[in-house]
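# Structure at a glance
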Amino acid sequence: MLKNFEDYQNSIALLKKMAYHYYVLDDPIATDEEYDKLYHQIKSYEEINPNEIIPSSPTQRVGDTVLTSFQKHKHLERMWSLDDIFDPQKLQEWIKRIYKNYPGMAFTCSPKFDGVSLNLYYENGILQSAATRGDGIEGELVTQNAKTIQSIPLEIPYKEGIEIRGEIVIARDDFEKINQERIKTGENLFANPRNAAAGSLRQLDPKITAKRRLKFIPWGIGKHNIENGSFLELINKIPQYGFHPTPFITYCKNAEEIGAIYEHLVSIRHTYPIMLDGMVIIIDSIEVQKKLGYTIKSPRFACAYKFPAIEKSSKILSVTTQVGRTGVITPVAELEPVEIEGAIISRATLHNYSEIEKKDIKIKDTVIIIRSGDVIPKIIKPITALRDGTQINIIKPTHCPVCGSELLIEDIFIRCQNLSCKARVKESIFYFASKKALNIEGLGEKIVDQLFENQIISNILDLYSIRIEELLKLEGWQEKKAQNLIKSIKNTKNIPLWRLLNALGIEHIGEGASKKLASSFGLEVFKKKYNDLISIDGFGNEMAFSIIDFGIVNKDLIEKLFEIIEPQAPEIKNTQDSFFNAKTIVLTGTLSKPREKIIELLESLGAKMTSSVSKNTNIIIYGENAGSKLQKAEELGIESINEEQFQKILESEKINF
Ligand SMILES: [Zn+2]
């Protein structure tokens, strides 16, 4: 029993120390029993004296509030993703490129953990927010879940604003335990520790996250005010704030030293308790980092040197087929289950029948399978030496396994042409709702299947007339789930036109093409003729015919969908009139808007964007700290305009940006 506030404060300090030794240093100074006892004493004191609760008390880690959704959160400094390097030769080239301008640069290398990135923001020493990476500019706010993670301090001794970045991971053992639990409760298993970490971090109820034994391992700093010339020194300050040290972080003076630490990491990757998928190489000098800057996608001063894919072998038990939304039949190998990097693999696509022929794959063959990172497992080749005479050839189907229609052989593809083939319709609905398309939450493959089999939907259009009563009659549906689904379907109203076009899954028409169609023709897309369509930059015969055919076959569907969804078409700009039309433009310096947005805008106005200055450049638009490019442009007598002038021109063209 704690006597007074002072006693309470001291107990909290002691409990924090125990937790730090246990969770961060992996070096316990108390037994679990002692820890629990003290924890409960603190808890009882807080129950009696709720007004005296200290926010950073370890009892305050797990909140009671269950969220309904995650808020978006803008990172103060962008969370870049790194360019991947897969082989030693590419690495040599990368180093050579850096040495060309900065000979003798040193690097800091650290393992790349296979988890999910998290950005923590502290101010006045208190954890203010925790957000997932998202698109790098904004992520989702998961602060109350992050607080449940014991290796994330709620309070740090550094008082200025600082973003600390790291990876949320689950150790292999803990991953096994979670899946064992899930087998017992009949839940879907997590495919690998990374998925388990991501799924656990994105729980609306923090109590679930708290149970998952997530760990935070720092690897970087975003916005901060610490004066420091070396990345390694900077990163080594983080453990002083109560965080886990970054394991294996190494200062490398040259390519040989980089090679040595890489070899070491590869050699321990199978036994290390946390999954690693490569090594991050970063130039140590922060000054040079700033000088090298960023491409549109990633920093020039760092890369991710991936580990080689892991090869395993397994036996093909049988070959099944899948019918995709375009009717293409894909053969799938059903394998004897094999574990690769924490994931159990029991199926792998064989892509198409000519691939099978080319690789000479047969049923009952032992095959080599690889899987690296998020990549879907791939069958590389059969081990023909292990054939024992039981192998059977894989026969091309002649009829659709789902609807029985005769199949059409088209080049390397075999296709079911029946537009109302159940498999095709289901796949097209599923695609329409998927993350890549309209991102209708709560409408995954299983739900589509259930709604389809129960005749609640038989095409995309039916989604918009689902009634709540119908859903409630189905197994596993309650009021809330039903309302949420109907709400997320309704939310697709007024989406940008290009997203709707993309979601229709028209063959050969992806995201980029959908955007071009929307900005060129607006709502008139499906009324356009062949000549109009091929006049778009990058559009050929196949794409044009694909749109025309789709428009004819699905005329009613399209009309009704447009009526219900009312997609927003961009104003069709007459780019001929723009100052930027047909000009070759280079951006340089720190600009106040994301580069990709500026590029997108200028391209839509007919500009050609390039990254380096040459005599063909017409205009250079520069922001703060513009360096050599601007200088070169001025030497070449190229027109240079600053951001303010750029804005003025846009305003004069009545463009809101
Ligand atoms: Zn079919």
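Here, the structure is the one placed above.
Description of the structure in this document. This one's a predicted model, so the numbers in the text were calculated from it and none came from an experiment.

What counts and how
- The numbers attached to residues start from 1 for each chain and follow its sequence in the written order.
- Given that this is a predicted model, residues contribute local features only at a pLDDT of at least 70 and side-chain atom pairs are listed and counted only at 80 or more, while totals for whole chains, interfaces and linings are drawn from all residues.
- Neither water nor hydrogens contribute to the side-chain values; these are computed over all heavy atoms in the structure.
- Think of the donor list as every N, O and S atom within 2.8 Å of the metal, or within 3.2 Å for Na, K and Ca; water never makes the list, so a site can look incomplete.
- Square planar and octahedral sites, with four and six donors, are those where opposite donors lie more than 155 degrees apart and all other angles lie between 65 and 115, tetrahedral sites have four donors with every angle between 85 and 135 degrees, and the rest are irregular.
- Buried residues are those whose accessible area, probed at 1.4 Å on protein chains only, stays under 20% of the maximum for their type, while exposed residues exceed 50% and partly exposed ones sit between those limits.
- Strands here are runs of E lasting at least two residues and helices are runs of H or I lasting at least four, both read from the DSSP assignment and numbered beginning at the N terminus.
- Note: two strands are recorded as paired if DSSP finds a minimum of 2 bridges between them.
- Each axis is a line fitted through C-alpha atoms, and for a helix only the stretch in contact is used; angles between axes span 0 to 180 degrees, taken between their N-to-C directions.
- Here a polar contact is recorded for every N or O atom pair within 3.5 Å, except that within protein the pair must consist of a potential hydrogen donor and a potential acceptor, and residues adjacent in sequence are included only if both atoms are side-chain atoms.
- What makes two residues a contact is simply this: any of their non-hydrogen atoms within 4.5 Å.
- Should an angle fall under 35 degrees it is called roughly parallel, over 145 degrees roughly antiparallel, and 65 to 115 degrees roughly perpendicular, with every other angle called oblique.
- Note on convention: near helix rotated counterclockwise from far helix by under a right angle means a left-handed crossing. Clockwise means right-handed.
- For Phe, Tyr and Trp, rings pair up if their centres lie within 6.5 Å, where Trp contributes its six-membered ring, and each pair is then called stacked (planes under 30 degrees apart), edge-to-face (over 60) or tilted (otherwise).
- Only when the NZ of Lys or the CZ of Arg is both within 6 Å of the ring centre and within 35 degrees of the ring normal is a charge said to sit over the ring.

Looking at the metal site, the zinc ion is ligated by C400 (SG), C403 (SG), C416 (SG) and C421 (SG), spaced 2.2 to 2.4 Å from it. With 4 donor atoms in place around the zinc ion and angles of 100 to 115° between them, the coordination shape is tetrahedral. By relative accessible area, C400 is classed as buried at 4%.

Let us look at helix α13 (residues 445-453). Each turn of an α-helix holds 3.6 residues, which means side chains three or four residues apart point in the same direction. Here α13 has its buried residues at I447, V448, Q450, L451 and F452. Two residues or fewer past α13, Q455 is found with a positive phi of approximately 55°.

Right, let's talk about the sheet that holds strand β7 (residues 162-169) for a bit. Pairing is antiparallel in the open sheet, where 4 strands are placed in the order β5-β4-β7-β8. The sheet is open, and its two borders are formed by β5 (126-132) and β8 (215-221), each paired with just one other strand. On average, adjacent strands in this sheet sit at an angle of 35° to one another, irrespective of strand direction. When β7 meets β8, the two strands line up antiparallel, connected through 6 bridges.

The pairing of strand β17 (residues 407-410) with strand β18 (residues 413-416) spans 4 bridges and is antiparallel. Bridge pairing in β18 links E410 to F413. Between the end of β17 and the start of β18, which pair antiparallel, lie 2 residues, with D411 showing a positive phi angle near 55°.

Below, the discussion takes up the pairing of strand β13 (residues 329-340). Extensive coverage of β13 is indicated by the burial of 9 of its 12 residues. Sheet topology places strand β12 (residues 310-323) next to β13; 7 bridges connect them, and they run antiparallel. Of the residues in β13, the one forming a bridge with T320 is V332. In terms of strand pairing, β13 meets strand β14 (residues 343-349) through 6 bridges, oriented antiparallel.

Here we take up the side chain of T59. Its location among the elements puts T59 in the loop between α2 (32-48) and β1 (72-74). Residue T59 is classed as buried on the basis of its relative accessible area of 5%. Polar contacts involving the side chain of T59 include one to the side chain of Q60, which spans 3.0 Å. Aside from chain neighbours lying at most four places away, what touches T59 is Y39, I42, K43 and E46.

The next thing to look at is the packing of helix α12 (residues 422-433) against α13. Contact geometry of α12 with α13 gives a least axis separation of 10 Å together with a crossing angle of 130°. If you check the angle between α12 and α13, you find them oblique. Both α12 and α13 take part in a crossing whose hand is right-handed. Between α12 and α13, the contacting residues are K422, V425, K426, E427, I429 and F430 on the first element and E445, V448, D449, F452 and E453 on the second.

Attention now goes to the packing of aromatic side chains. Counted under the stated rule, the structure contains 19 aromatic pairs. Taking 5.9 Å as the distance between ring centres and 45° as the angle between the ring planes, the aromatic pair formed by W94 and F107 counts as tilted. Here the residue W94 occupies a position in helix α3 (residues 88-101), and F107 occupies one in strand β3 (residues 107-113), the gap between them amounting to 13 residues. Residue W94 is classed as buried on the basis of its relative accessible area of 7%. Residues F216 and F243 carry aromatic rings whose centres are separated by 5.8 Å and whose planes lie at 50° to one another, so their mutual orientation is tilted. Linking F216 in strand β8 with F243 in the loop between α8 (231-235) and β9 (250-252), this pair joins segments that are 27 residues apart in sequence. For the pair formed by F216 and F243, the shared burial category is buried. A connected cluster of aromatic rings, assembled from ring pairs, spans F5, Y8 and Y45. Sitting over the face of the ring of F579, K583 holds its NZ or CZ atom 4.1 Å from the ring centroid.

Function-wise, these values are silent; they only describe arrangement.
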